[in-house]
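Summary of structural features
As a plain string of letters, each chain reads:
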Amino acid sequence: MANPRFRLLLPWRKSSKRDWAIAAFGFTIFFFALSFISYSQISTKTIAPLDLVDLTLVRHAKDKGAVCLDGSAPGYHFRSGFGSGSNNWVLHIEGGGWCNTVASCLFRKTTALGSSNYMERQVHFSGILSHDSSQNPDFFDWNKVKLRYCDGASFAGNSQKNETQLFFRGQRIWEAVMDELLSIGLSNAKQVLLSGCSAGGLATLIHCDDFRGILPKNATVKCLSDAGFFLDEKDVTGNRRIRSFYSDVVHLQGVANSLDKDCVGRMEPSQCFFPQEFIKNIKTPVFLVNPAYDFWQIQYVLIPAESDPSGKWAKCRLSIQKCSSAQIEILHGFRNSMLKTLSEFQQNKDGGMFINSCFSHCQTLMTETWYSPNSPRINNKTIAESVGDWYFNRKLVKQIDCPYPCNPTCYNMDFT
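The next thing to look at is the overall build of the protein. Each helix and strand counted, the protein has 11 helices and 12 strands in total. Within the protein, buried positions represent 60% of all 416 residues. Residue pairs in contact within the protein that sit at least 24 positions apart in sequence constitute 75% of those at least 6 positions apart. Accessible surface for the protein amounts to roughly 16400 Å². Of this, 51% is attributable to carbon and sulfur atoms.

Glancing now at the packing of aromatic side chains. Applying the stated criterion across every chain yields a total of 25 aromatic pairs. Both rings, one in Trp98 and one in Tyr246, keep their centres 5.2 Å apart while their planes meet at 80°; by these two values the pair is edge-to-face. Taken together, the residues span a long stretch of sequence, with Trp98 in the loop between strand S3 (88-93) and helix H2 (102-108) and Tyr246 in helix H5 (residues 241-253) at a distance of 148 residues. Each member of the pair, Trp98 together with Tyr246, is buried. Ring centres 5.8 Å apart and planes at 25° place the aromatic pair Phe139 and Phe392 in the stacked group. Of the two residues, Phe139 sits in the loop between strand S4 (122-124) and strand S5 (143-147) while Phe392 sits in the loop between helix H11 (383-391) and strand S12 (398-400), which places them 253 residues apart along the sequence. Residue classification places Phe392 among the partly exposed positions, given a relative accessible area of 27%.

Let's shift gears to the pattern of salt bridges. In this structure the tally under the stated criterion is 13 salt bridges. Residue Asp389 pairs with Arg394 through a salt bridge whose shortest N-O separation is 2.8 Å. Residues joined in a network through salt bridges with shared partners are Asp138, Lys381, Asp389 and Arg394.

Before going further, it helps to spend a moment on the nonpolar core. What tends to happen in soluble globular proteins is that the nonpolar side chains get buried as a cluster. Judged by nonpolar contacts, the single largest core of 88 residues is most densely connected at Leu91, Trp98, Leu186, Phe211, Phe273 and Leu331. Residues in contact with Leu91, not counting those within four places in the same chain, are Val145, Leu147, Met178, Leu181, Leu186, Val192, Leu193, Leu194, Ser195 and Phe211. Counting residues in hydrophobic clusters, the runner-up holds 22 residues, among them Val123, Leu365, Trp370 and Trp390.

Among the eight residues of helix H7 (residues 295-302), eight are classified as buried, and the element is accordingly described as predominantly covered. The distance from a side-chain oxygen at the start of H7 to the backbone nitrogen of Trp296 is 2.8 Å, and the residue carrying that oxygen is Asp294.

With that settled, the discussion passes to the state of the cysteines. Considering all chains together, one arrives at eight disulfides under this definition. Covalent S-S linkage joins Cys358 and Cys410, the inter-sulfur distance amounting to 2.0 Å. Taking the sign of the S-S torsion, -80° for the link of Cys358 and Cys410, the bridge is left-handed. You can see Cys358 sitting in the loop between strand S11 (352-356) and helix H10 (367-370) and its partner Cys410 sitting in the segment after S12, a full 52 residues away along the chain.

The next thing to look at is the confidence of the model for the protein. Atomic detail in the predicted coordinates should be set aside for any region of low pLDDT. In this model, the protein carries an average pLDDT of 90, and 88% of its residues clear a pLDDT of 70 or more. Contacts for the low-pLDDT stretch residues 1-48, under 50 throughout, to residues beyond four places or in other chains number 83 contacts.

This next bit is on unusual backbone geometry. Of the consecutive residues Tyr404 and Pro405, the connecting peptide bond is found in the cis state with omega at 10°. If you trace the backbone, Pro405 turns up in the segment after S12. Positive phi, normally seen in glycine, also occurs at Ser154, with a value near 55°. Looking at where Ser154 falls in the secondary structure, it is placed in the loop between S5 and strand S6 (159-161).

Okay, the sheet that holds S3 next. Across the sheet, 10 strands lie side by side as S4-S1-S2-S5-S3-S8-S9-S10-S11-S12; this open sheet has mixed pairing. The open sheet is flanked by S4 and S12, the only strands paired with a single partner. On average, each strand axis in the sheet is tilted by 20° relative to the strand beside it, whichever way the strands run. Looking at chain direction, strand S2 (residues 75-79) and S5 are connected through four bridges and run antiparallel. The residue bridging Arg79 from the neighbouring strand is Lys144, located in S5. Running at roughly 150° to strand S8 (residues 191-197), helix H4 (residues 199-213) makes contact with S3, S8, strand S9 (220-226) and strand S10 (286-291) of the sheet. Packing against the sheet, H11 makes contact with S8, S9, S10, S11 and S12, and its axis sits at approximately 165° to S10.

Within the element layout of this structure, Met353 appears in strand S11. In this structure the C-alpha to C-alpha distance between Met353 and Ser386, which are 33 residues apart in sequence, comes to 8.4 Å. The residues contacting Met353, other than those within four sequence positions of it, are Phe287, Leu288, Leu342, Phe345, Gln346, Val397, Lys398, Gln399 and Ile400.

This brings us to the packing of H7 against helix H9 (residues 325-341). In contact at an axis separation of 12 Å, H7 and H9 are set at 105° when each is read in the N-to-C sense. One finds that H7 runs roughly perpendicular with respect to H9. Across the interface between the two elements, Gln297, Ile298, Val301 and Leu302 from H7 touch Ile330, Leu331, Phe334 and Met338 from H9. A per-class count over the contact of H7 with H9 returns seven nonpolar, one polar and no charged.

Rules of the game
Residues numbered from 1 in each chain as written. Predicted model: local features only at pLDDT ≥ 70, side-chain atom pairs only at ≥ 80, totals over all residues. Heavy atoms only, no water. Helix = DSSP H or I, 4+ residues; strand = E, 2+ residues; numbered from the N terminus. Buried < 20%, exposed > 50% of the residue type's maximum accessible area, 1.4 Å probe, protein only. Contact = heavy atoms within 4.5 Å. Areas by Shrake-Rupley, 256 points an atom, 1.4 Å probe, with all protein chains shown as cover. Phe/Tyr/Trp six-rings, centres within 6.5 Å; stacked < 30°, edge-to-face > 60°. Salt bridge = Lys/Arg side-chain N within 4 Å of Asp/Glu carboxyl O. Core = buried A, V, L, I, M, F, W, Y, C linked by side-chain atoms within 4.5 Å. Polar contact = N/O pair within 3.5 Å; in protein donor to acceptor, adjacent residues only side chain to side chain. Disulfide = S-S within 2.5 Å. pLDDT = per-residue confidence, 0-100. Pairing = 2+ DSSP bridges. Axes fitted to C-alpha atoms, helices over the stretch in contact; angles between N-to-C directions. Parallel < 35°, antiparallel > 145°, perpendicular 65-115°, else oblique. Nonpolar A, V, L, I, M, F, W, Y, C, P; charged D, E, K, R; others polar.

What follows is the structure in structure tokens.
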């Protein structure tokens, strides 16, 4: 399969070293979000046109203090289900990284990831949100919701910086959106799947049990995290930069009260932002879709730019096909860490997994990677088929791929 390539061009201004020192890791995460959005837009040009779905701003959000980073009302996109899917729901939480400093959050609030003033008023629904049975066979006729992400802490913060007019209200946004969706039909749901990508995948895991709790007791409720299983791993220089970064996010945005209480009682709250520390406590059935060579985690957890001043990893970070054999061995080590971390979850009888060996990130929102003739497969099963088998209890699904480069069906991203 031909590997997709793209180059993102941004209008750079001349920056001082001090600028980048202030922005630090938060800016790089934000620029990842832009690159992912850009890739999604390029990808949709290759599929049949889909209906556009309007943005809805949450009613009375400001009265509840449920606002984006800049104080604007949060939003979502909703499409009604039809036929036998009229009482079933798929909710998908948008991804887009996090901000860990006042400077990076101020920058973020001038974008769609921090303000509804910058959000597209209409978006395409594809992949798991598609209404086309040929692209989404198990969930095509369900009610669909895309939750827009504008708080910077996976819908989990609850704080405010008065001097900078920054509102860290992710938890309140989550509650306000849920209240509104319950009022328009979610309260009568029969079957529900809460999903999310990247930072949205992490939000899915954080809120999974609470989400189960607000729905009818007789409803079938499950959660799907796509590329949201971020590892607490050392980088190639032995530093735990991602742990330090998460600590900044948790403390800046007041996240601790939204995290798993048992985990917070055992360790520093920021460590409970890592799914590996709380996933065993989630009672609702969970499915994990994750590439073993997640390009975001490779670029920002394993090999952040700060850890490679000589640039020896520069090409490998951007394209796995340009890695040396020695570098591939280190990437294999990262894969092994992921599989070891997931070994206990693998024994969970209600849990499902699709861990492929692709250099990719979110895979459920695009038709090409969700369900198409050329989609990534493990044991000849697409992600969509595997998720459907798990959700409807057709069979146990614990799909784990062989190591790179064994899978010719992968879409391996190339940023060079």
